[in-house]
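# Observations on chain architecture
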Amino acid sequence: MAECEAPVGGMDDVDVVTRAVLTASRLLVAVSARSLAEVEERLTLPQFRMLVVLSTHGATKLVTLADVLQVAPSTAMRMVDRLIAAGLADRQTNPGNRRETVLRLTAEGRRTVEDVTARRRAEIAAIVERLAPDRRAALVDALTAFNEAGGEPLAPAADGAEPHPLGWVDLPAVRGA
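These notes cover the structure that comes with them. Along each chain, the written sequence defines residue order, and numbers are assigned to residues from 1. Local features are withheld for residues below a pLDDT of 70 in this predicted model, meaning they are given only at 70 or higher, and side-chain atom pairs are given and counted only at 80 or more; totals for whole chains, interfaces and linings count all residues. In computing side-chain properties, one takes all heavy atoms of the structure into account and sets aside hydrogens as well as water.

With 13 residues, helix α2 (residues 45-57) ought to run about 18 Å at 1.5 Å a step, and its terminal C-alpha atoms sit 18 Å apart, in line with that. The classification of residues rests on relative accessible area computed with a 1.4 Å probe and restricted to protein chains. Under 20% of the type maximum is buried, over 50% is exposed, and intermediate values are partly exposed. By definition, any uninterrupted DSSP run of H or I lasting at least four residues is a helix, any uninterrupted run of E lasting at least two residues is a strand, and each is numbered from the N terminus. Listed as buried for α2 are Gln47, Phe48, Met50, Leu51, Val52, Val53, Leu54, Thr56 and His57. The contact rule is simple, with two residues in contact once any of their heavy atoms fall within 4.5 Å. Buried residues belonging to α2 abut α3 (62-69), α4 (73-85), β1 (89-94), β2 (97-105) and α5 (107-129). Backbone geometry just downstream of α2 places Gly58 in the positive-phi region, at approximately 75°. Expected span, for any helix, means 1.5 Å times one less than how many residues it has.

Attention shifts here to the packing of α3 against α4. Here, axes are lines fitted to C-alpha atoms. For helices the fit covers the stretch in contact, and angles between N-to-C directions go from 0 to 180 degrees. It is at 9 Å that the axes of α3 and α4 come closest, and there the two elements cross at 105°. By the angle between their directions, the pair α3 and α4 is classed as roughly perpendicular. In this structure, α3 contributes Leu62, Leu65 and Ala66 to the contact, and α4 contributes Pro73, Ala76, Met77 and Val80. Its residues assigned to classes, the contact of α3 with α4 shows seven nonpolar, no polar and no charged. For classification, angles of less than 35 degrees are called roughly parallel, those exceeding 145 degrees roughly antiparallel, those between 65 and 115 degrees roughly perpendicular, and all remaining angles oblique. Charged means Asp, Glu, Lys or Arg here, nonpolar means Ala, Val, Leu, Ile, Met, Phe, Trp, Tyr, Cys or Pro, and polar covers whatever is left, Gly included.

Below, the discussion takes up the side chain of Thr56. Relative to the assigned elements, Thr56 resides in helix α2. Using a relative accessible area of 14% as the deciding quantity, one classes Thr56 as buried. Contacts described as polar in this section are N or O atom pairs within 3.5 Å, which, within protein, must combine one atom able to donate a hydrogen with one able to accept it, while residues neighboring in sequence count only if both atoms come from side chains. A polar atom in the side chain of Thr56 sits 2.9 Å from the backbone oxygen of Val53.

Here we come to the pattern of salt bridges. What makes a salt bridge here is a side-chain nitrogen of Lys or Arg within 4 Å of a carboxyl oxygen of Asp or Glu, nothing more. A complete count under the given rule lists six salt bridges for this structure. We note a salt bridge from Arg34 to Glu123, for which the minimum N-O separation is 2.3 Å. Placement of Arg34 in helix α1 (residues 14-35) and of Glu123 in helix α5 is noted, with a sequence separation of 89 residues between them. A relative accessible area of 22% means that Glu123 is categorised as partly exposed. With its nearest N and O atoms 2.3 Å apart, the salt bridge here joins Arg91 to Asp81. Separated by ten residues along the polypeptide, Arg91 in strand β1 and Asp81 in helix α4 bring together distant segments of the chain. For Arg91, a relative accessible area of 38% translates into the label partly exposed.

Here we come to a nonpolar patch on the surface. The patch calculation keeps residues exceeding 30% relative accessible area without a salt bridge and links them within 9 Å when they carry like charges or within 5 Å when they are nonpolar (Val, Leu, Ile, Met, Phe, Trp, Tyr). Every accessible area reported is derived by Shrake-Rupley at a probe size of 1.4 Å, with residue values counting cover from the shown protein chains alone. Together, Val17, Val21, Leu139, Leu143 and Phe146 make up a nonpolar patch on the protein surface, roughly 380 Å² of accessible area in all. The set of elements that each furnish at least two residues to the nonpolar patch consists of α1 and α6 (133-150). Among the elements that line the nonpolar patch, the one with the most residues is α6, at three residues. Relative to the helices and strands, Leu143 resides in helix α6.

All right, on to the nonpolar core then. Buried Ala, Val, Leu, Ile, Met, Phe, Trp, Tyr and Cys residues form a nonpolar core when they are joined through side-chain atoms within 4.5 Å. Among the nonpolar cores identified, the biggest contains 24 residues, and Leu43, Phe48, Met50, Leu51, Leu54, Leu65 and Leu83 are the most heavily contacted of them. Ranked by residue count, the leading element in this core is α2, at six residues. Leu51 has contacts with Leu43, Leu83, Leu88, Leu105, Thr112 and Val113, leaving out every residue within four places of it along the chain.

Below is the structure:
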């Protein structure tokens, strides 16, 4: 059986769809890894994800950041310490509660998120351009349904008008609270 042929069972077979999604996820992971290539010596994928969360939330308490990333607060703190040492994030006193500190991106951290996201967007666009227009429409329909089934919000438009650079679930940010 050729690599892209569907096994007996048809397109609505859960195993066939799962295989197609797994294959697509391999491609997307490869695109993600390549988009980080210019910063990989100083930034891991989990650290980049933390930068993206800080980018979407603004100033955020550590416990909120850990919850969004689904890691222990101690793990989040170690990651934050590395980002601060790299000049990509910093701590500041929460203006709404001076006993708390919040974490935020530095200008360099924001630039890093924008640059990596732009590289990722460009590579994905190059892949999508190789699809026939009817295949693009079908892909949008399929991925929209898949994302909705998984509870994933829509990624931003090319102009960046939406607040989710990579589409991770946005929990309420701590802004002055």
